[in-house]
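Examination of the molecular architecture
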Amino acid sequence: MVQPSAPLVEIGDPLDLQVVADLLSTDAVQIRPGAAVRIDGWGGTALQGKVTRVDPAGFLKISALGIEEQRVHTEIDFVDPPEKWSLLGHDYRVIVHVTSWRDDNVLTVPVAALFRKGDDWAVYVAKDARARTTLVQIGHRNSRVAEIKSGLSEGDRVVMHPSDRVSDGVAVRERDAE
């Protein structure tokens, strides 16, 4: 028995597809509608998108490691034409990279050069073939680079992945980055 006016079938439009990503709430608070998104990891070429909505409420999700996480639904529309993403379908897996901040005119260093010195951030700068501890103030950062607000100048050479054998005044030499 079907009640009068009860829906029988829902027909979707494959050209009206969007991505819904469940982002950590700590990341979602930094994202605004209109933010650029790169979509990859789905088996095709990287796609361009933009955030259209960040839900105002989060929800609890248990990660694969059993950790409770606050997540937020974030809706993303495709910027690329449908021909580029037509092979995607409902509930397909994708990886999204959302731009929460961007500035092309900032000084950055690889996060692999940063270390803690007390409560401050520091790097070893190579000066006269010696490592010199230099305190820095960082701004925005991601998993690869950090914005330097003060402490370094353009052209300064920093020591990457400083081990416990590196200290102020230790001899260092430059080598090609791999």
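Not measured: the values here are computed from a predicted model.

**Points about the overall build of the protein chain**
A tally of helices and strands in the protein chain yields two helices and 11 strands. Secondary structure of the protein chain in N-to-C order comes out as β-α-β-β-β-β-α-β-β-β-β-β-β. Taking 178 residues into account, the globule formula puts the C-alpha radius of gyration at 16 Å, and the protein chain, at 23 Å, lies well above it. Each of the three principal axes of the protein chain carries a C-alpha extent, and together these read 85 × 35 × 25 Å. Classification of the 178 residues of the protein chain by burial places 25% in the buried group. Considering only contacts within the protein chain whose residues lie at least 6 apart along the sequence, 59% involve residues at least 24 apart. When the accessible surface of the protein chain is totalled, it reaches about 13,100 Å², and 48% of it is carbon and sulfur. Averaging the locations of the 21 positively and 27 negatively charged side chains of the protein chain gives two centres separated by 8 Å.

**Examining a nonpolar patch on the surface**
On the surface, Val2, Leu8, Val9 and Ile11 cluster together into a nonpolar patch covering about 500 Å² of accessible area. With respect to the element layout, Val2 can be found in the segment before strand E1 (18-24). Judged by relative accessible area, which is 55%, Val2 ranks as exposed.

**Quick notes on unusual backbone geometry**
If you check the backbone angles, Asp91 has positive phi at about 65° while not being a glycine. The topology assignment puts Asp91 in the loop between helix H2 (82-85) and strand E6 (95-98). Positive phi values are uncommon outside glycine, yet His161 reaches one of about 50°. For His161, the location among the structural elements is in the segment after strand E11 (145-150).

**Observations concerning the side chain of Asp80**
Note on placement: Asp80 falls in the loop between strand E5 (68-78) and H2. Among all residues touching Asp80, those that are not within four sequence positions of it are Ala46, Leu47, Gln48 and Trp85.

Calculation rules
Residues numbered from 1 in each chain as written. Predicted model: local features only at pLDDT ≥ 70, side-chain atom pairs only at ≥ 80, totals over all residues. Heavy atoms only, no water. Helix = DSSP H or I, 4+ residues; strand = E, 2+ residues; numbered from the N terminus. Rg over C-alpha atoms; globule rule 2.2 N^0.38 Å. Buried < 20%, exposed > 50% of the residue type's maximum accessible area, 1.4 Å probe, protein only. Contact = heavy atoms within 4.5 Å. Areas by Shrake-Rupley, 256 points an atom, 1.4 Å probe, with all protein chains shown as cover. Lys, Arg positive; Asp, Glu negative; His and termini not counted. Charge placed at Lys NZ, Arg CZ, Asp CG, Glu CD. Patch = residues over 30% accessible without salt bridge, like charges linked within 9 Å, V, L, I, M, F, W, Y side chains within 5 Å. Salt bridge = Lys/Arg side-chain N within 4 Å of Asp/Glu carboxyl O.

The quantities given are spatial measurements derived from coordinates; they are silent on function.
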